[in-house]
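Below are the chains, spelled out letter by letter.
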Amino acid sequence: MKAKFLIPFGIFIVLAGFLFKGLYLDPRTLPSVLINKELPPFELPTLWDPNTTFKTEDMKGKVWMLNVWATWCVPCKQEHPYMVNLKRRGLKTPIIGFVYKDNTGAAAQMLKTSGNPYDNVIYETKNKVGIDLGVTGVPETFIIDKKGIIRAKVSYPIQDEIWFDQMKPLIDKLEAE
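Notes on the structure follow. The structure displayed is predicted, hence computed values, not measured ones.

### What about a nonpolar patch on the surface?
Move 1: On the surface, Leu6, Phe9, Phe12 and Ile13 cluster together to form a nonpolar patch covering roughly 440 Å² of accessible area.
Move 2: Mapped onto the secondary structure, Leu6 falls in helix α1 (residues 2-22).
Move 3: Look at Leu6 and you get exposed, because its relative accessible area is 56%.

### A word on the sheet that holds strand β5 (residues 120-123)
Move 1: The five strands are arranged β5-β4-β3-β6-β7 in an open sheet whose pairing can be described as mixed. Two strands bound the open sheet, and with one partner strand each, they are β5 and β7 (150-154). The mean inter-strand angle of the sheet, taken between neighbouring strand axes irrespective of direction, is 20 degrees.
Move 2: In this structure, strand β6 (residues 140-144) lies alongside β7, joined through four bridges in antiparallel fashion. Bridged to Ile143 within β7 is Ala152.
Move 3: Against the sheet, helix α2 (residues 74-88) makes contact with β3 (64-69), β4 (95-99) and β6, and its axis sits at roughly 150 degrees relative to β3, the strand it touches most.

Parameters at a glance
- Residues numbered from 1 in each chain as written.
- Predicted model: local features only at pLDDT ≥ 70, side-chain atom pairs only at ≥ 80, totals over all residues.
- Heavy atoms only, no water.
- Patch = residues over 30% accessible without salt bridge, like charges linked within 9 Å, V, L, I, M, F, W, Y side chains within 5 Å.
- Areas by Shrake-Rupley, 256 points an atom, 1.4 Å probe, with all protein chains shown as cover.
- Salt bridge = Lys/Arg side-chain N within 4 Å of Asp/Glu carboxyl O.
- Helix = DSSP H or I, 4+ residues; strand = E, 2+ residues; numbered from the N terminus.
- Buried < 20%, exposed > 50% of the residue type's maximum accessible area, 1.4 Å probe, protein only.
- Pairing = 2+ DSSP bridges.
- Axes fitted to C-alpha atoms, helices over the stretch in contact; angles between N-to-C directions.
- Contact = heavy atoms within 4.5 Å.

Structural data, given as structure tokens:
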């Protein structure tokens with residue numbers, strides 16, 4: 001008779017434990033199966049000259065960031081001035097902008113009026129690379145090491161806390177390797 005009452009109590013304790021653990025997780029962090037795996041190779045046209053392409057293999061031997069963004073994305077508009085300021089303050093790490101599901105004319109206009117923090121800007125007309133990267137939304141920034149391995153993915157706008165606590169220390173470490 002007592003066991004009948006202990007089963008629901010046991011289930012409650014297990015569920016409460018999972019919920020309690022969830023209180024300590026960062027809701028801004030989206031896991032990626034690509035962390036510590038090679039960046040899926042791609043070749044895409046560049047925004048300023050669609051006849052010129054950017055290939056992932058062009059970046060071998062460099063630590064770099066791939067920033068996925070769009071003009072229709074409000075968090076991207078919050079992140080953009082920060083990215084521009086990083087470059088103005090002398091950030092040497094290349095940033096490749098990846099225009100995601102957006103009009104290339106709108107993207108070019110935004111960069112002309114708001115500043116361009118990117119060393120190169122790429123886009124695609126189909127969503128194959130976005131799917132290969134596991135893009136779930138924008139902005140998303142991947143940090144790729146010298147061997148072409150994705151070392152981190154940031155799935156929210158980059159600001160001081162994220163930059164100085166997570167991204168810059170990792171980039172400095174990777175560049176020193």
